[in-house]
Structures are given as C-alpha cells and as structure tokens.
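Each chain, letter by letter, is given below.
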Amino acid sequence: MQTNISSAMSREALRRRTFGIISHPDAGKTTLTEKLLLFGGAIQMAGAVKAKKAQRHATSDWMEVERERGISVSSSVMKFTYADHIINLLDTPGHQDFSEDTYRVLTAVDSALMVIDSVKGVETQTRKLMEVCRMRDTPILTFINKLDREGRDAFDLLSDIEQTLGIQAAPMTWPIGMGKSFQGVYDIERQAIRFFAEDGKKTARPKEALVINGLNDPQLAELIGEDAAEQLRTEIDLLEGAGFPFDKELYLKGKQTPVFFGSAVNNFGVQELLDTLVRLAPGPIPRVAECATGERVVNPLEEDFSGVVFKIQANMDPAHRDRIAFMRICSGRFERGMKVKHHRIGKEVQLSRAITFMAQDREGVEDAWPGDIIGLHNHGTLKIGDTLTTSEPLKFTGIPNFSPEHFRRVQLADPLRSKQLAKGLKQLAEEGAIQVFRPITDSSHILGAVGVLQFDVIIARLKAEYGVIALYEPCPISAARWITSSDRAALESFKSDQQSNLAYDGDDCLAILSSSEWRLSRIIEEWPQITFHTTREIR
C-alpha cells in the first residue's frame, strides 16, 4: 500500500505544471492567457479584452471593477489539462498598483511566463517582477508578443532582455519580418518554418510547421522570398556566433530564458509556447520551511501533507459573500474531508469543502497533489501565510507585506453603516492588497497601499459587495514602518513619546505613520533601540 501511494504521488506530481504569467500592462498578458486556455480546451471562445463596452470580457477578469476598467486587478487561478499534464495557470495583475498580489502569487508557482511587447520592449513593471523571480531563481519562459505590429528589431529586444533584466536570452524561434512584412517564425530547434496568418483569415500556406533541409534549402527562397531568406540566413548566423544556445540547466536555475516570438491575438506561436512549457518547465519544486529544529527543505514527494495559503479573495461569489483561501499544496496528497493542523491557531481543522478554479467558475475537488492550487472556504480563520499540515509544525517563509507608499483616510457617508465598513475593510485587508491602520488616538480608518488605484478599487468594492458608500480623503502621511524592539522598556517609552503617530495594522502589529521620510529618518536616528521595518513577513 505504501508503495502504491508513493508511486501515485510521484506520477501525479510529475504531471503538474504550476506557473504565473507576468508582464507590464497592455503587453497582451490576459489575451495570451485566454489563448493558452483555448489550446488547452478549457474555454471555447476568448473574451474581448479591448473595450469596456465589449459584450464578452476576459475569462480571468471576473471582478466587476475589472470589467468596468478593462484591466486585471486581482490574480486568477485556472486549472486545465493539456498533453496529459495538469496545468495550474495563475494570471497576475499587470498594473503596478496591484503588484503586491503578483509578488505573493510568485511565491506559489514553480515557473513563470514573461510577456513582452515587441513595440515597447522591457518595461518598468516587468523589471520589478523579474526582481521577485530572481530572488527565488524562478525559471522563466519569454513570449515576445505583437509581431504583427511594427516593433523593435529582434536583436535589440534580446539585448534589452539581457541588459535590463540580467538574464541570458536564448531564442527558440526567430521572426521572419515584422509588422506588415511578418511572414512567420523559424523554429531553430526543428529547422522548420511556421507561417503566419491573421486570425480567421485563410491562407494557401500550410498551418503546420514545414520542415526544411536547413537554411540553405532552395525551397526557403521559394517559400518566403529571396530577400527574406537571405536576411534570415544572416540573422541566424549572427545568433550562432554571438547568441546563447539553449541550456536547460541554466533555464531551470533561472539564469537563462528561452524566447519565443508570436502574436497572441492571432493565436500565433501560442501552441508552441504551451508545448515547450509542458516539456521544459519544472514540476513541483522543494520548498524551505521553518520547523522545530530551524529550517528544512520540504520535498513535494513526502507523504505527509503540507500546504500554504498565499492569497485570500473575498466575495468571489456575490450571492454568498464568501471568502476563499487559495492554498498551494507543497507535499503529500489532499483528500476531501481530511483533518489537518492549523499551526498558527494551534487547532485541528477538517477540510470538508475544497474547490478548484477556472477564474470565478469552480467545482468541488476530491483530491489534489503537490503543485495544485485549491480553494478553501474561509470564515476568517485562515490568513495569508498560514501553513496546514498533517504532521509536524511547519512555516513556509517568504510571503511579504510591503510598507505602503500612499495613504488615504476613509470617510463614511452614512454613520449608521460603521459596522459594515469595519467588516468590509477587515475582509478586504485580508486579501493583502491594502492595509488598514487604526490610529491609537482615534477611531478612524487609514488605508495604506503600494499603488493609488487600489483606493478606487476598495471604494468600489465596499459599495458593490458590502453596501457601504464611503469616500476617501488625503491625509498627511507619506511613510510607514513596522515597529519592534527587544528592549521592552525602550518600546514602552517610544510608544508614550510617539503616541500620536502610532497605529495598529490588521494583524495588530504596531506601526509608525509619518508625515515625511525626513521626519521618519530623524525619529529612527533618535531611537536606536527600536527596529523600523519596511517589510513584514506575513505570519
């Protein structure tokens, strides 16, 4: 029996591919997500992402505010089967104002897919997300999108990736022309031509890749024209002389990214990307956790179950106003109804209702394996960073809270709705996108966020999901730090001296709110016994 469990564990874990899609806004990330779902057979028709008035919306954009604004503001989880593999795809917000959600999602994946706009190249948000991936040596595949538009030179784009992101770029395909002259790509590994045609338009050229007998094959010029053939030969020669050949070990170590060229909106290059991801991307990877003796590496094939909550989402089902905890299974097998230890609260809980996702659509799950993402119905007992196990106490590390950069004070239109406001803010803060501070000296609510657009989203969701009409106003705060000290007397003295500047966050952790960075730096100098934190490990 033991051997059967181990065999099933190994087989199921090796089938899993859990990855997140990252990009700068408008690079085509959500479009690519839906085309991956199309090729995976998970949906029959992609949503129209372009306009607010579109009749269909992106499958992954399920929130009302997302459909109104035409942007993704929350990560979505989508599970489907492709080529006998189980794909757990996490579509992350591209907008920098929602980057905290993306940072946490990247702690739950085994690899990433980076989307770059061929017209704009590497942009700011891509750079920031790459830094998070580099911290964990996350393997990254790159898709350079929008080749049907006039964009930057392919060599220039590779150089941009290497110099800006500090990672080797190894082309797996190479574009033949660009924009109006874009004819397709040359598959370097297979020595084959894939011809481009705009989505829905017929063409005499074959849809399947056409294998040629090397770049000196006479039919190359017949297929794409003499000038294009000569340019392709010259560019591939340059790549072979000065470029980086693909090295799987470097890819798995996060040191090299395989690069594909295509057009997501036209379904071009997407299937090859998905095939390569299934073939090259790692299955569930080992994870470091704190344990009774310090730290240890948790192998996904361990029989004891362990999982970590990396995201909380309120009100995915407006009819029931539910809260769902997204949990990554790190080791062992999940079975419906199993009992696990919830180590933060020190209690045993039964996981009787778990679900898997296709954006907002969900279905019950009987079992799940390492690498899978499941949703647990949450009544306030589960928080981001919580670890559930069937055996030893573990704490998976590396899920951060970031010090906010923008602050607003909440004003309630109807004072009789104060309880609903407190409930709404508490539940929305549990998602980790905003932080709610309660000043020690008054009963107001101060919101802190990494991006200002979060405030509009919170006000809209308070109205739509909790029936609370609220406004926000600027407040004289521009910096915040969490406070700790091993010197209890010094901490009490600090609290007495700085009482008007202190507040508690949603986890009852003490923080100082300052009107300026300069003023905060003076306070830090005056209180060397106090530690001021810009990030806080979620516990």
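Predicted model, so just to flag it, every value in this text is computed and none were measured. (Residues numbered from 1 in each chain as written. Predicted model: local features only at pLDDT ≥ 70, side-chain atom pairs only at ≥ 80, totals over all residues. Heavy atoms only, no water.)

Chemist: Any chance you could explain the pattern of salt bridges here in plain terms?
Modeler: Where charged atoms of side chains with opposite charge meet at close range, the side chains can pair. A complete count under the given rule lists 27 salt bridges for this structure. Note that glutamate 392 is salt-bridged to arginine 296, the shortest N-O span being 2.5 Å. Of the two residues, glutamate 392 sits in the loop between strand 23 (387-389) and strand 24 (395-396) while arginine 296 sits in strand 13 (residues 294-298), which places them 96 residues apart along the sequence. You can call arginine 296 partly exposed: its relative accessible area is 24%. For the salt bridge of glutamate 492 with lysine 495, the shortest nitrogen-to-oxygen distance reads 3.8 Å. In this pair, glutamate 492 and lysine 495 both sit in helix 13 (residues 488-497), three residues apart, roughly one turn of the helix. Look at the salt bridges and you will find they share partners, linking Glu12, Arg15, Arg16, Lys79, Asp84 and Asp372 into a network. (Salt bridge = Lys/Arg side-chain N within 4 Å of Asp/Glu carboxyl O. Helix = DSSP H or I, 4+ residues; strand = E, 2+ residues; numbered from the N terminus. Buried < 20%, exposed > 50% of the residue type's maximum accessible area, 1.4 Å probe, protein only.)

Chemist: Looking at this structure, I do not really get the sheet that holds strand 26 (residues 406-412). What am I missing?
Modeler: Strands in a sheet are paired, the pairing made by backbone hydrogen bonds, and the direction either parallel or antiparallel. Strands sit in the order 29-26-28-27-31-32-30-33 across an open sheet of eight strands; the sheet is antiparallel. Two strands close off the open sheet at either side, each with one partner strand: strand 29 (470-474) and strand 33 (531-533). Shown here is a sheet whose adjacent strand axes are inclined to one another by a mean of 40 degrees, direction ignored. Here strand 31 (residues 502-504) pairs with strand 32 (residues 510-514) via three bridges, running antiparallel. Along strand 32, the bridge assignment pairs alanine 503 with alanine 511. The sheet strands contacting helix 11 (residues 418-430) are strand 26, strand 27 (435-439) and strand 28 (446-449), and the helix crosses strand 26 at an angle near 150 degrees. (Pairing = 2+ DSSP bridges. Axes fitted to C-alpha atoms, helices over the stretch in contact; angles between N-to-C directions. Contact = heavy atoms within 4.5 Å.)

Chemist: Which parts of the structure should I look at to understand the packing of aromatic side chains?
Modeler: Aromatic ring pairs are described here by two measures, namely the spacing of the ring centres and the angle between the planes. Summed over the entire model, instances satisfying the criterion amount to 11 aromatic pairs. Between phenylalanine 155 and tryptophan 174 the ring centres are 4.8 Å apart and the planes differ by 55 degrees, which places this aromatic pair in the tilted class. Residue phenylalanine 155 is located in helix 6 (residues 154-165), and its partner tryptophan 174 is located in strand 7 (residues 173-176); the two are separated by 19 residues in the primary sequence. By relative accessible area, which is 0% here, tryptophan 174 ends up buried. Summarising the aromatic geometry, the rings of phenylalanine 305 and phenylalanine 334 are spaced 6.4 Å apart at their centres and angled 55 degrees between planes, so their arrangement reads as tilted. (Phe/Tyr/Trp six-rings, centres within 6.5 Å; stacked < 30°, edge-to-face > 60°.)

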